[in-house]
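# Observations on the three-dimensional arrangement
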Amino acid sequence: MSPRAQKMATAALFATAVVLAVIGVLLLAVVPSHDAAPQRPAAATGTEAASPQPSAVHTSSGLPLPGTAASSGATGEPEQHVVIPAAVEQVARRFVTAWASHDARPGHDTSFEDAGRRASAVASPDLGADLSSPRPAAAHRWEELRSQQAQVVAEVIEVALPDGAPAPTGAVAVVRVTYRVTITAPGTPTTVALEQAALEVRAGTDDSWRVTALPNA
């Protein structure tokens, strides 16, 4: 091959290499690699595409806790409050005030059972007789009060329906009485305590209500 032919062949090979290189660069720029390809987001469906809503918190029993989405926005109605009949509340207040108050100062009560006799005015005959009967434990407590010349005053704070108790009817009611007990005695600090008592109250044939039992007492 003549020198001129060799030069022409070399130039042709060089031009072909340049064209192939340019084509390779173009292919890299136009077609991205698999690793660099952007991931397409999954299509949103149903509630996933909606704005997130507050979820309800539930207890182990499956009931929603107060103040969560399932309980606060369901009906908007306040919790129902059982009203204790006025006659029942009045009897409960009179009974507890008499039954839980004692006066061991000279010239006042003579025994722990005096309080039971006062409470029997609004109690059934059976319960009144039981409360007026002497008890060894009550006698010991009375000696303590008498030695201190103490006065025990009960003040009723609330009469309400106990947890899980049925609502009052026209014949019977079970109530929980919360009351404050204040004990004062000469030379000793005054003590104050909160106490509770459960009462069963029933209507008599004369439409009057009386305490007939002290559940759990």
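Residues numbered from 1 in each chain as written. Predicted model: local features only at pLDDT ≥ 70, side-chain atom pairs only at ≥ 80, totals over all residues. Heavy atoms only, no water.

## Focus on helix 6 (residues 136-148)
Counted only if it meets this: Secondary structure follows DSSP: runs of H or I at least 4 residues long count as helices, runs of E at least 2 residues long count as strands, and numbering of each begins at the N terminus. Here, expected helix span is obtained from the residue count minus one, scaled by 1.5 Å. For every residue, the accessible area obtained with a 1.4 Å probe (protein chains only) is divided by the maximum for its type, and the residue is called buried under 20%, exposed over 50%, and partly exposed between those limits. This arc is taken over the directions from the axis of the helix to the C-beta atoms. Residue contacts are defined here by distance: any two heavy atoms, one from each residue, within 4.5 Å place the two residues in contact.
Between its first and last C-alpha atoms helix 6 spans 19 Å; for 13 residues at 1.5 Å apiece the expected length is 18 Å, and the two agree. For helix 6, the full list of buried residues reads A138, W142 and L145. Down the axis, helix 6 shows its buried residues gathered within 65° of arc, on one side only. Along helix 6, the residues that are exposed and aim more than 90 degrees away from the buried face are P136, A137, H140 and S147. Looking at the packing, one finds that the buried side of helix 6 touches strand 1 (102-103), helix 4 (113-119) and strand 2 (151-160).

## Some details on helix 3 (residues 86-99)
With 14 residues, helix 3 should cover 20 Å at 1.5 Å per step; its first-to-last C-alpha distance of 20 Å lies within 8% of that length. Those residues of helix 3 that sit buried are V88, V91, A92, F95, V96 and A98. Taken down its axis, helix 3 places every buried residue within 165° of arc, on the same side. Away from the buried face of helix 3 by more than 90 degrees, exposed residues A86 and Q90 are located.

## Considering the pattern of salt bridges
As a reminder, the rule being used: Any Lys or Arg side-chain nitrogen found within 4 Å of a carboxyl oxygen on Asp or Glu counts as a salt bridge.
For the structure shown, the criterion picks out nine salt bridges. Between R118 and D109 there is a salt bridge whose closest N-O contact spans 2.9 Å. A residue is classified by how much of its surface remains accessible, and D109, at 13% relative accessible area, is buried. R117 serves as the salt-bridge partner of D114, at 2.5 Å between the closest nitrogen and oxygen. Of this pair, D114 and R117 are both found in helix 4, three residues apart, which corresponds to roughly one turn of the helix.

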